[in-house]
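Geometric and topological summary
Listed here are the chains, written in short residue letters.
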Amino acid sequence: MSQSYESILLERRGGVAIVTINRPEKRNALNIQTRAEGAAVLDELRADDSVRVAILTGAGDKAFIAGADIAEFADRSALSQREVMLDRSLFNAIDTFPKPIIAMVNGYCLGGGCEVALACDIRVASEKASFGQPEINLGIMPGGGGTQRLTRLVGEGKSMELILTGEIIGLVNHVVPADQLETKTMDIANRIAEKSPIALRLAKEAIRLASRSNLDEGLRREVDLFALCFSSEDKDEGVKAFLEKRKPEFKGK
Ligand code: COA
């Protein structure tokens, strides 16, 4: 049973869950309620073994997420804004989500929206998508991981340019015509959803280590995670299926 959410839509298609931020009249800007519900829905999906892959997108045909809700910035003091950010945030919920999560970027992907996409594992965008960190135009800077994740993804030079000028650059794994965005994203999600959830989880953890540890530490922990795969029934099934020339059926055990 799903909880009900006011600003989030949740749809399940096989092993793939599609989470849609649903405030199209505000270009899916993230207010406090949307952030809290977004984190709650990811906690729900994390605990649901039938969900293998999550997709995050925005409602309507204009925006993925147009950033933080700027109206909420108006009267906020430095200290209360800091509290908002240090709370268990949507960014943190995405960052610690143990299953693969794909940003399906259907339009404006700005500020906190760009940071949401950056926190996801894979970004698929339609030709209508545009990316930017326009915080500098409001006299502020990115605060949801933009200076850190963007820099790791595209390098310091490009990150400086995007954050300091607001210029739009490509950050995506795929760009497809708008009418093929869902098909392309579902295709990637379904192909991932067929794999062992255990191997996915450990591989994801290992990949993320690359930008969070030094090479020696990363290589050592990769070996540990690799070895851990050998304790799963899915590994036995994968090897057996290969030798029997059939498709494996992974159970997540
Ligand atoms: N916060 C709060 N409200 C927002 C918003 C945001 N980040 N982005 C859009 N909205 C609201 C607008 O205020 C407007 O509300 P209204 O209808 O009550 O006046 C509504 O969403 C539609 O926006 P509008 O600007 O008319 O749509 P558009 O399609 O012409 O342009 C954007 C869309 C995203 C380019 C433009 O709204 C924009 O620049 N938004 C701010 C982006 C930003 O700076 N994000 C970083 C925040 S830190």
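For the structure itself, look to the data block above.
Criteria and thresholds
Residues numbered from 1 in each chain as written. Predicted model: local features only at pLDDT ≥ 70, side-chain atom pairs only at ≥ 80, totals over all residues. Heavy atoms only, no water. Pairing = 2+ DSSP bridges. Helix = DSSP H or I, 4+ residues; strand = E, 2+ residues; numbered from the N terminus. Axes fitted to C-alpha atoms, helices over the stretch in contact; angles between N-to-C directions. Contact = heavy atoms within 4.5 Å. Buried < 20%, exposed > 50% of the residue type's maximum accessible area, 1.4 Å probe, protein only. Near = heavy atom within 4 Å. Polar contact = N/O pair within 3.5 Å; in protein donor to acceptor, adjacent residues only side chain to side chain. Areas by Shrake-Rupley, 256 points an atom, 1.4 Å probe, with all protein chains shown as cover. Nonpolar A, V, L, I, M, F, W, Y, C, P; charged D, E, K, R; others polar. 1 Å grid on protein atoms, 1.4 Å probe; cavity = no way out; pocket = protein on both sides within 12 Å on 5 of 7 lines; lining within 4 Å. Points joined across faces, edges and corners; volume = space filled by probe spheres on them. Core = buried A, V, L, I, M, F, W, Y, C linked by side-chain atoms within 4.5 Å. Phe/Tyr/Trp six-rings, centres within 6.5 Å; stacked < 30°, edge-to-face > 60°. Salt bridge = Lys/Arg side-chain N within 4 Å of Asp/Glu carboxyl O.

1. Details of the sheet that holds strand β4 (residues 63-65)
The 3 strands are arranged β4-β6-β8 in an open sheet whose pairing can be described as parallel. Two strands close off the open sheet at either side, each with one partner strand: β4 and β8 (130-132). Along the sheet, successive strands turn relative to each other by an average axial angle of 15 degrees, direction set aside. Note that strand β6 (residues 108-110) and β8 share 3 bridges and pair parallel. Within the sheet, the bridge partner assigned to Leu 110 lies in β8 and is Gly 132. Packing against the sheet, helix α4 (residues 112-119) makes contact with β4, β6 and β8, and its axis sits at approximately 90 degrees to β6.

2. Remarks on α4
Across the 8 residues that make up α4, a large majority, 8, are buried. Considered for burial, the residues of α4 that qualify are Gly 112, Gly 113, Cys 114, Glu 115, Val 116, Ala 117, Leu 118 and Ala 119.

3. Some remarks on the site of the ligand
Around the ligand, the surrounding shell holds 15 residues, and the nearest of these are Lys 26, Arg 27, Ala 66, Ala 68 and Ile 70. Side-chain polar atom of Arg 27 to an oxygen atom of the ligand: 3.0 Å apart, as the coordinates give it. For the ligand, a nitrogen atom lies 2.9 Å from a polar atom in the backbone of Ile 70. Here the ligand, which alone exposes 860 Å², has 60% of that area covered by the protein. Its residues assigned to classes, the shell around the ligand comprises 9 nonpolar, no polar and 6 charged.

4. Examining the environment of Val 41
With respect to the helices and strands, the residue Val 41 is situated in helix α1 (residues 32-46). The sequence separation of Val 41 and Ile 8 amounts to 33 residues, and the corresponding C-alpha distance is 8.2 Å. Ignoring sequence-local partners within four residues, the contact set of Val 41 consists of Tyr 5, Ile 8, Leu 10 and Val 19.

5. Considering empty space enclosed by the protein
With the rule as written, the count across this model stands at 1 cavity of 30 Å³ or more. Approximately 30 Å³ is the volume attributed to the largest cavity. Lining the largest cavity are Leu 30, Ile 32, Arg 35, Ala 68, Asp 69, Glu 72, Phe 73, Arg 76 and Val 84. For the lining of the largest cavity, the class distribution of residues is 5 nonpolar, no polar and 4 charged.

6. Section: the environment of Thr 20
In this structure, Thr 20 sits in strand β2 (residues 16-21). Thr 20 sits 36 residues away from Leu 56 along the chain, and the two C-alpha atoms are 6.0 Å apart. Residues in contact with Thr 20, not counting those within four places in the same chain, are Ser 7, Ile 8, Leu 9, Thr 57, Gly 58 and Ala 59.

7. Examining the nonpolar core
Of all hydrophobic cores here, the largest spans 38 residues; its most connected members are Leu 42, Leu 45, Phe 64, Ile 94, Val 105, Val 116 and Phe 131. Only β2, α1, β3 (53-58), β4, α3 (90-95), β5 (101-105), α4 and α6 (156-165) provide two or more residues apiece to this core. Not counting the four nearest positions on each side in its chain, Leu 42 is found in contact with Leu 90, Ala 93, Ile 94, Phe 97 and Ile 101. Residues Val 16, Ile 55, Ile 102 and Met 104 belong to the second largest nonpolar core, which totals 15 residues.

8. Quick notes on the packing of aromatic side chains
The full count for this structure, using the stated rule, is 1 aromatic pair. With a centroid separation of 5.3 Å and 70 degrees between ring planes, the pair formed by Phe 226 and Phe 230 is classed as edge-to-face. For Phe 230, a relative accessible area of 46% translates into the label partly exposed.

9. Examining unusual backbone geometry
Unusually for a residue other than glycine, Asn 28 sits at a positive phi of about 60 degrees. Summarising the element assignment, Asn 28 is placed in the loop between β2 and α1. For Asn 28, a relative accessible area of 0% corresponds to the buried category. Notably, Lys 245 is not glycine yet its phi reads approximately 55 degrees, a positive angle. Note on placement: Lys 245 falls in the segment after α10 (233-243).

10. Thoughts on the pattern of salt bridges
Taken as a whole and assessed by the stated rule, the structure comprises 18 salt bridges. Its salt-bridge partner being Arg 208, residue Asp 121 comes within 3.1 Å of it at the nearest N-O pair. Remark: Arg 208 occurs in helix α8 (residues 197-209) and Asp 121 occurs in the loop between α4 and β7 (122-126); sequence separation between them is 87 residues. With a shortest N-O distance of 2.7 Å, Glu 244 and Arg 246 are connected by a salt bridge. Its relative accessible area of 43% is what places Glu 244 among the partly exposed residues. Each of Asp 95, Asp 121, Arg 149, Lys 204, Arg 208 and Arg 212 takes part in a single network of salt bridges with overlapping partners.

Everything listed here is a matter of coordinates, which is why it stays silent on function.
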